[in-house]
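This is what each chain is made of:
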Amino acid sequence: MIAVSKKFAAENIIAAINANCKIFGENYISEAMEKWPQIKKEYPDVKLHFIGHLQSNKAGKALELFDCIESLDSEKL
């Protein structure tokens, strides 16, 4: 099961991690870039999945941050 963390603050995500959630999903690259690098640094066993429509101009950033990309909707991606 993936806990969707979009629109939640880092402190809420950390509370979920402390409650034993280990896989999270985000679908906004810019929002994830703001909160997840530090969380992943502090909790390296937590996995982050991209769960939405991925724009080709943001694919490089997604590859840097996410452990898994759940969907691709074009051959180009």
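Keep in mind that what you see is a predicted model, and the values were worked out from it rather than measured.

Novice: Which parts of the structure should I look at to understand the overall build of the chain?
Specialist: In terms of helices and strands, the chain carries three helices and four strands. Ordering the α and β elements of the chain from the N terminus gives β-α-β-α-β-α-β. With respect to the principal axes defined by its C-alpha atoms, the chain has extents near 40 × 25 × 20 Å. Every one of the 77 residues in the chain was classed for burial, and the buried ones make up 32%. Within the chain, counting contacts between residues at least 6 apart in sequence, those at least 24 apart form 40% of the total. Summed over its atoms, the accessible surface of the chain is roughly 5000 Å², and 52% of this surface lies on carbon and sulfur atoms. The distance from the centre of the 10 positive side-chain charges to the centre of the 11 negative ones in the chain is 2 Å.

Novice: Honestly, the sheet that holds strand E2 (residues 23–26) in this entry has me stumped. Any pointers?
Specialist: Within a sheet, each strand pairs with its neighbour through backbone hydrogen bonds, oriented either parallel or antiparallel. Across the sheet, four strands lie side by side as E1-E2-E3-E4; this open sheet has parallel pairing. For this open sheet the edge positions go to strand E1 (3–4) and strand E4 (68–69), each flanked by a neighbour on one side alone. Summarising the sheet, E1 and E2 pair through two bridges and their orientation is parallel. Bridged to Ala-3 within E2 is Phe-24. Packing of helix H2 (residues 29–42) onto the sheet brings it into contact with E2 and strand E3 (47–50), and relative to E2 it is tilted by some 140°.

Novice: Looking at this structure, I do not really get the packing of helix H1 (residues 10–18) against H2. What am I missing?
Specialist: To characterise two packed helices, one gives the angle between the axes of the helices and the distance between these axes. Where H1 meets H2, the axes come as close as 10 Å, and the angle between the chain directions of the two elements is 35°. Crossing angle aside, the handedness with which H1 passes H2 is right-handed. In this structure, H1 uses Ala-10, Ile-13 and Ile-17 to contact H2, whose residues at the interface are Lys-35, Trp-36 and Ile-39. Its residues assigned to classes, the contact of H1 with H2 shows five nonpolar, no polar and one charged.

Novice: What's the story with the state of the cysteines in this structure? I'm lost.
Specialist: With the rule as written, the count across this model stands at zero disulfides. With no disulfide partner, Cys-21 has as its closest neighbouring cysteine sulfur the one in Cys-68, 17 Å distant.

Novice: I tried to follow the nonpolar core on my own but got confused; where do I start?
Specialist: Soluble globular proteins tend to pack their nonpolar side chains together in the buried interior. Residues Ile-17, Phe-24, Trp-36 and Phe-66 are the most contacted members of the largest nonpolar core, which totals 17 residues. Residue assignment for this core shows that the elements contributing at least two residues are H1, H2, E3 and helix H3 (59–65). At four residues, the largest contribution of residues to this core is made by H2. Once you skip the residues sitting within four places of it in the chain, Trp-36 turns out to touch Ser-5, Ile-13, Phe-24, Glu-26, Val-46, Leu-48 and Leu-65.

Conventions and cut-offs
- Residues numbered from 1 in each chain as written.
- Predicted model: local features only at pLDDT ≥ 70, side-chain atom pairs only at ≥ 80, totals over all residues.
- Heavy atoms only, no water.
- Helix = DSSP H or I, 4+ residues; strand = E, 2+ residues; numbered from the N terminus.
- Buried < 20%, exposed > 50% of the residue type's maximum accessible area, 1.4 Å probe, protein only.
- Contact = heavy atoms within 4.5 Å.
- Areas by Shrake-Rupley, 256 points an atom, 1.4 Å probe, with all protein chains shown as cover.
- Lys, Arg positive; Asp, Glu negative; His and termini not counted.
- Charge placed at Lys NZ, Arg CZ, Asp CG, Glu CD.
- Pairing = 2+ DSSP bridges.
- Axes fitted to C-alpha atoms, helices over the stretch in contact; angles between N-to-C directions.
- Left-handed = near helix turned anticlockwise from the far one by under 90°.
- Nonpolar A, V, L, I, M, F, W, Y, C, P; charged D, E, K, R; others polar.
- Disulfide = S-S within 2.5 Å.
- Core = buried A, V, L, I, M, F, W, Y, C linked by side-chain atoms within 4.5 Å.

Structural measurements only, silent on function.
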